[in-house]
Amino acid sequence: MSRPLRLLLRALTVLALSACLSVAAKPATDYAERRDVRAFISQMVDKHGFARNELQQLFSRARFKPEVIAAITPPSAPRARSWQAYRALFLTPERVEAGVEFRGQERAALARAAELYGVPEEIIVAIIGVETVYGRNTGSYRVIDALTTLAFDYPPRAKYFRGELENYLLYARAAGIDILAIKGSYAGAIGIPQFMPGSYLRYAVDLDGDGQPDLSNSFADAIGSVANYLKQHGWETGRPVAYPAQVQGQGHRELVDAGIKPAYRYGELASLGVSAAGVADADALCALIELATPDNASEYLVAFNNFYMLTRYNRSSMYATAVLELAQAVKAAYQPD
């Protein structure tokens, strides 16, 4: 064999191998043909009585979404978090005005939810405002695509998202909805309050009384479900959420470093250099939340159990603080008829 021919064959071999590796690196476009998906289908058949052929048809129509992986993957070099930048996303005059309008339009449902579950109306309003701007932005991804992509092509959290995919199939079957039609966030959260399927199954309620919880089309059901979620997680009716705080010295670092779960008694704060702008039982458990902004002095909150309950909705102290401040702004601006 001549040298030029050998070089040509070698080049073709390299190209062929590169093509194979490229194809192998990409998820299969037909999820129904994948071994891990077939195993999941078998589990759903055995555990929940789903029809195998129906699930096979379903997953043959599910699509891998690389943008979902991109959206959920943490940056390799994350920027320093900024409370002021985060706050500016949610504490806008437009969102406050929309919250006031929403509270007026849904006052009957809000009053009923507050009575049933003991959660203040403005807190419910603020969560829906932060999550979807009162139902205006509920997500554009097919939930089946988002959850299938994350369940089978995002190893860091595959177990969690397979559980949510299971919950989604159970929810869709119980509700009698088209599994392929429902849209949500890139993480598979659904509806006006952005419930993951597992939360939908556990905490969604039928506040409007039509026989079926519907978090995509019923504001009343969304309102009741948010309140029920917080109550079931441990919301304490009539108790404080958080107070602004001032710190002196370095004793407060012990509190900050302890995390966001209340673990110190309110009466102990003064000895650690912390003063709070509010009154609470000296034995009430609390945490000290630092809200940092690069190149600016940090802000602090003394946070109680109800603040911690807000972080059960989204595991972020900035999120909980944004909800609290939006709630306070809506309450201050709302003028009932």
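Our structure's up above, just so we're on the same page.
Worth saying up front: this structure is predicted, and the values here are computed from it rather than measured. (Residues numbered from 1 in each chain as written. Predicted model: local features only at pLDDT ≥ 70, side-chain atom pairs only at ≥ 80, totals over all residues. Heavy atoms only, no water.)

Brief notes about the overall build of the protein
Consideration 1: The helix and strand inventory of the protein stands at 15 helices and seven strands.
Consideration 2: When the backbone C-alpha atoms are referred to their principal axes, the protein occupies close to 90 × 55 × 40 Å.
Consideration 3: Out of the 337 residues belonging to the protein, those deemed buried represent 46%.
Consideration 4: Taking contacts inside the protein between residues at least 6 apart in sequence as the whole, the part at least 24 apart equals 69%.
Consideration 5: About 17,300 Å² of surface is accessible on the protein, with carbon and sulfur atoms providing 52% of the total.
Consideration 6: Once the 35 positive and 35 negative side-chain charges of the protein are each reduced to a mean point, those two points are 11 Å apart. (Helix = DSSP H or I, 4+ residues; strand = E, 2+ residues; numbered from the N terminus. Buried < 20%, exposed > 50% of the residue type's maximum accessible area, 1.4 Å probe, protein only. Contact = heavy atoms within 4.5 Å. Areas by Shrake-Rupley, 256 points an atom, 1.4 Å probe, with all protein chains shown as cover. Lys, Arg positive; Asp, Glu negative; His and termini not counted. Charge placed at Lys NZ, Arg CZ, Asp CG, Glu CD.)

Some words on the pairing of strand E6 (residues 285-291)
Consideration 1: Buried residues dominate E6, accounting for five of its seven residues.
Consideration 2: When strand E4 (residues 264-265) meets E6, the two strands line up antiparallel, connected through two bridges. Within E6, the residue paired with Tyr264 across the bridge is Cys286. (Pairing = 2+ DSSP bridges.)

What about the layout of surface pockets?
Consideration 1: A volume near 1,600 Å³ is recorded for the largest pocket.
Consideration 2: Counting only elements with at least two residues in the lining of the largest pocket, the list comes to helix H4 (66-72), helix H5 (83-90), helix H8 (121-132), helix H10 (158-175), helix H11 (197-203), helix H12 (219-233), helix H14 (305-313) and helix H15 (317-333).
Consideration 3: Tallied by class, residues from the lining of the largest pocket come to 21 nonpolar, twelve polar and nine charged.
Consideration 4: Computed from the structure, the second largest pocket encloses a volume of approximately 250 Å³.
Consideration 5: For the lining of the second largest pocket, the secondary structure elements donating two or more residues are H8, strand E3 (242-247) and H15. (1 Å grid on protein atoms, 1.4 Å probe; cavity = no way out; pocket = protein on both sides within 12 Å on 5 of 7 lines; lining within 4 Å. Points joined across faces, edges and corners; volume = space filled by probe spheres on them. Nonpolar A, V, L, I, M, F, W, Y, C, P; charged D, E, K, R; others polar.)

A closer look at the packing of helix H2 (residues 35-48) against helix H3 (residues 52-61)
Consideration 1: Packing of H2 against H3 brings their axes to within 10 Å, and their N-to-C directions diverge by 145 degrees. Relative to H3, the crossing made by H2 is right-handed. Across the interface between the two elements, Val37, Phe40, Ile41, Ser42, Met44 and Val45 of H2 pack against Arg52, Leu55, Gln56 and Phe59 of H3. (Axes fitted to C-alpha atoms, helices over the stretch in contact; angles between N-to-C directions. Left-handed = near helix turned anticlockwise from the far one by under 90°.)

Thoughts on the packing of aromatic side chains
Each aromatic ring pair is specified by the distance between its two centres and by the angle formed by the two planes.
Consideration 1: Applying the stated criterion across every chain yields a total of 17 aromatic pairs.
Consideration 2: Both rings, one in Tyr31 and one in Phe152, keep their centres 6.3 Å apart while their planes meet at 45 degrees; by these two values the pair is tilted. Pair noted here: Tyr31 is in the loop between helix H1 (3-25) and H2 and Phe152 is in helix H9 (residues 143-153), with a separation of 121 residues, a long-range link. Judged on exposure class, the residue Tyr31 and its partner Phe152 are both buried.
Consideration 3: A ring pair is formed by Tyr171 and Tyr200, whose centres lie 4.2 Å apart and whose planes are at 35 degrees; its orientation type is tilted. Separated by 29 residues along the polypeptide, Tyr171 in helix H10 and Tyr200 in helix H11 bring together distant segments of the chain.
Consideration 4: Its relative accessible area of 4% is what places Tyr200 among the buried residues.
Consideration 5: The rings of Phe195, Tyr203, Tyr229, Tyr313 and Tyr319 are connected pair by pair, giving a single aromatic cluster.
Consideration 6: Sitting over the ring of Phe50, Arg173 keeps its end group 4.1 Å from the ring centre.
Consideration 7: Its end group placed over the ring of Tyr308, Arg312 keeps NZ or CZ at 4.1 Å from the ring centre. (Phe/Tyr/Trp six-rings, centres within 6.5 Å; stacked < 30°, edge-to-face > 60°. Lys NZ or Arg CZ within 6 Å of the ring centre and 35° of its normal.)

A few points about unusual backbone geometry
Consideration 1: At Tyr134, a position not held by glycine, the phi torsion is positive, near 60 degrees.
Consideration 2: Tracing the chain through its elements places Tyr134 in the loop between H8 and strand E1 (141-142).
Consideration 3: Residues other than glycine seldom take positive phi values, yet Asp295 does so here, at roughly 70 degrees.
Consideration 4: Of note, Asp295 is situated in the loop between E6 and strand E7 (299-303).
Consideration 5: Overall, Asp295 belongs to the exposed group, its relative accessible area being 83%.

Things to note about the pattern of salt bridges
Consideration 1: Tallied over the full model, the rule gives eleven salt bridges.
Consideration 2: Notably, a salt bridge pairs Asp145 with Arg142, separated by 2.8 Å at the nearest N-O pair.
Consideration 3: Owing to a relative accessible area of 4%, Asp145 belongs among the buried residues under this scheme.
Consideration 4: Across the pair Arg239 and Glu236 runs a salt bridge whose closest N-O atoms are separated by 3.9 Å.
Consideration 5: Classification of Arg239 as partly exposed rests on a relative accessible area of 41%.
Consideration 6: Given the relative accessible area of 35%, Glu236 is considered partly exposed. (Salt bridge = Lys/Arg side-chain N within 4 Å of Asp/Glu carboxyl O.)

Topic: the sheet that holds E7
Consideration 1: In space, the five strands of this open sheet follow the order E4-E6-E7-E3-E5, with antiparallel pairing throughout. Of all strands in the sheet, those bounded by a partner on one side alone are E4 and strand E5 (274-276).
Consideration 2: Of the strands in this sheet, E3, E6 and E7 are in contact with H15, which crosses E6 at around 95 degrees.

Purely geometric stuff here, so don't read any function into it on its own.
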